[in-house]
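Each chain, letter by letter, is given below.
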Amino acid sequence: MPLRLVQLLLAAYPSSYRERYGAEMAAVLEERMASWRDLLDLARGALDARLDPQIDPPRVLAAAAAIPPASAPSPALPVPRAPYGVVASAPPTGELSRRVFMRRMLAAGVGLLSLEFIAGTLAFTWPQVRSGLGGKFGLGTPADILAIQPSWAEGWPYPYTKARLFLINVPAAKELALGHQASVKSPSADQLLALWRKCPHLGCQIPQLCESLKRFTCNCHQSTYNILGEKLKTGPAARGMDRFEVSIGDDGGIVVDSSKVTAGAPNLGPDALTFKDPFPWDAACH
Ligand code: FES
């Protein structure tokens, strides 16, 4: 390609372009012959540069700026500025484009959802350690219970809220319901009842003993039970209060196993009761 033609095309550029790229361009032309495509690119770039000096330099000039000379490093190519009214095709160096940002946010969202799903599945399938109802409860020795509630020796039920039960000291409770003074401080295992406070009708929690009758009455529909949890006439429950298994350990502590439940006896009338207090079968607590 005639060198003269190349020089003419370069001379057509504004002086600011020639000052910035002239030295590098000369080096490029020394190293390789310019092709017809390079000439066309130079011509188009000269026209563009005349019309708008802020647009990107032509390919050949940019290549010239990017090729370091053999002897000394070339100055860094300035970041092209988008002219007013023209949108840059790529974000500035070091900044995310909107598309990349959206992709990353989408990936982060999918990742979080997956993590939540996996964690939920693991939590659901993980073996459950029983610590609430369904497990064993140590209530302490009779002396421990009496230290908390001395009236337990006189027959008043001991409420143990962790297992939602009343611990009944049976011989003392019978005396209490009969209106007698009792003091049973160390009942044996077969003299203990662990009555579940869940009403067998619809599951309401049964409150403390009715003081006047010494009976339990559920506040929801007035089902009434004697002090041993046997169902009396009043109320819709079909059976007595359920009970948990009770034992006394080697250390003398009372242990209730709430996984072993015995259903209360069915309501078969006053003759089926194992204990009768002095009040009528259908008397209700007021
Ligand atoms: S839930 Fe207790 S009587 Fe209905």
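Owing to the predicted nature of the structure, the values given are computational and were not obtained by experimental measurement. (Residues numbered from 1 in each chain as written. Predicted model: local features only at pLDDT ≥ 70, side-chain atom pairs only at ≥ 80, totals over all residues. Heavy atoms only, no water.)

Engineer: Lay out the state of the cysteines with the relevant residues and their values.
Structural biologist: Counting across every chain of the model gives 1 disulfide. Disulfide partner of cysteine 204: cysteine 220, at an S-S distance of 1.9 Å. Residues cysteine 204 and cysteine 220 are joined by a disulfide whose S-S torsion is about -100°; by sign, that bridge is left-handed. Within this pair, whereas cysteine 204 is found in the loop between strand S4 (192-196) and strand S5 (216-217), its partner cysteine 220 is found in the loop between S5 and strand S6 (224-225), the two being separated by 16 residues in sequence. Accessibility expressed as a relative area gives 38% for cysteine 220, which makes it partly exposed. (Disulfide = S-S within 2.5 Å. Helix = DSSP H or I, 4+ residues; strand = E, 2+ residues; numbered from the N terminus. Buried < 20%, exposed > 50% of the residue type's maximum accessible area, 1.4 Å probe, protein only.)

Engineer: If you had to explain the environment of leucine 228 to someone new, which residues and values would you point to?
Structural biologist: Relative to the assigned elements, leucine 228 resides in the loop between S6 and strand S7 (243-248). Owing to a relative accessible area of 6%, leucine 228 belongs among the buried residues under this scheme. For leucine 228 and lysine 276, which are 48 residues apart along the polypeptide, the C-alpha to C-alpha distance reads 9.7 Å. Leucine 228 has contacts with Ile168, Val170, Lys174, Leu193, Leu195, Arg243, Thr274 and Phe275, leaving out every residue within four places of it along the chain. (Contact = heavy atoms within 4.5 Å.)

Engineer: Kindly report on the pairing of S7, identifying the contributing residues and their values.
Structural biologist: Where S4 meets S7, 2 bridges bridge the pair, whose relative direction is antiparallel. Bridging across to S7, leucine 195 finds its partner in arginine 243. Hairpin connection of S7 to strand S8 (residues 254-262): 5 residues between the antiparallel strands, including glycine 252 at a positive phi of 85°. (Pairing = 2+ DSSP bridges.)

Engineer: Account for the pattern of salt bridges, naming residues and giving values.
Structural biologist: On inspection of all chains with the given rule, the structure shows 6 salt bridges. With its nearest N and O atoms 2.9 Å apart, the salt bridge here joins arginine 44 to aspartate 41. Of this pair, arginine 44 and aspartate 41 both sit in helix H3 (residues 36-51), 3 residues apart, roughly one helical turn. Given the relative accessible area of 44%, arginine 44 is considered partly exposed. A salt bridge links aspartate 242 to arginine 239, with the shortest nitrogen-to-oxygen separation between them at 2.8 Å. Given a relative accessible area of 7%, aspartate 242 falls into the buried group. Three or more residues are tied together by salt bridges with common partners; here these are Glu245, Asp257 and Lys260. (Salt bridge = Lys/Arg side-chain N within 4 Å of Asp/Glu carboxyl O.)

Engineer: Tell me what's going on with the confidence of the model for the protein chain, and back it up with residues and numbers.
Structural biologist: The predicted model of the protein chain averages 82 in pLDDT, with 79% of residues at 70 or higher. Ranking the helices and strands of the protein chain by mean pLDDT puts strand S3 (residues 165-169) first, with 97, and helix H4 (residues 59-66) last, with 58. (pLDDT = per-residue confidence, 0-100.)

Engineer: Which residues make up unusual backbone geometry, and what values do they have?
Structural biologist: The phi angle at arginine 164 is positive, at roughly 50°, despite the residue not being glycine. Position of arginine 164 relative to the elements: it lies in the loop between strand S2 (158-160) and S3.

Engineer: Can you break down the side chain of asparagine 169 residue by residue, with the values?
Structural biologist: With respect to the secondary-structure elements, asparagine 169 resides in strand S3. From its side chain, asparagine 169 meets the backbone oxygen of valine 184 in a polar contact 2.7 Å long. (Polar contact = N/O pair within 3.5 Å; in protein donor to acceptor, adjacent residues only side chain to side chain.)

Engineer: Tell me what's going on with the packing of helix H1 (residues 3-11) against H3, and back it up with residues and numbers.
Structural biologist: At a minimum axis distance of 9 Å, the contact between H1 and H3 shows a crossing angle of 20°. By the angle between their directions, the pair H1 and H3 is classed as roughly parallel. Here the hand of the crossing between H1 and H3 comes out left-handed. Contacts between H1 and H3 involve Leu5, Val6, Leu9, Leu10 and Ala11 on the former and, on the latter, Leu39, Leu42, Ala43, Ala46 and Arg50. Residues belonging to the contact of H1 with H3 are distributed by class as follows: 9 nonpolar, no polar and 1 charged. (Axes fitted to C-alpha atoms, helices over the stretch in contact; angles between N-to-C directions. Parallel < 35°, antiparallel > 145°, perpendicular 65-115°, else oblique. Left-handed = near helix turned anticlockwise from the far one by under 90°. Nonpolar A, V, L, I, M, F, W, Y, C, P; charged D, E, K, R; others polar.)

Engineer: Help me get a handle on the sheet that holds S4, residues and values and all.
Structural biologist: Reading across from one edge, S1-S8-S7-S4-S3-S2 is the order of the 6 strands in this open sheet, with antiparallel pairing throughout. Both edges of this open sheet fall to strand S1 (136-140) and S2, since each of them pairs with a single strand only. The sheet shows a mean angle of 30° between the axes of neighbouring strands, taken without regard to direction. As judged from the 6 bridges shared by S7 and S8, these two strands associate in the antiparallel manner. Paired with serine 247 across the bridge in S8 is valine 255. Running over the sheet, helix H7 (residues 170-177) touches S3 and S4 and is turned about 85° from S3.

Engineer: Could you give me a rundown of the packing of aromatic side chains, with the residues and numbers involved?
Structural biologist: Each aromatic ring pair is specified by the distance between its two centres and by the angle formed by the two planes. Throughout the structure, instances matching the rule amount to 3 aromatic pairs. Look at phenylalanine 137 and tyrosine 160: their rings are 6.0 Å apart centre to centre, the planes differ by 75°, and that puts the pair in the edge-to-face class. One end of the pair, phenylalanine 137, is in strand S1; the other, tyrosine 160, is in strand S2, and 23 residues separate them in sequence. Just as phenylalanine 137 is buried, tyrosine 160 falls in that class too. Judged by centre distance (5.1 Å) and plane angle (40°), the ring pair of tryptophan 196 and phenylalanine 244 falls under tilted. Pair noted here: tryptophan 196 is in strand S4 and phenylalanine 244 is in strand S7, with a separation of 48 residues, a long-range link. We note that tryptophan 196, like phenylalanine 244, is buried. (Phe/Tyr/Trp six-rings, centres within 6.5 Å; stacked < 30°, edge-to-face > 60°.)

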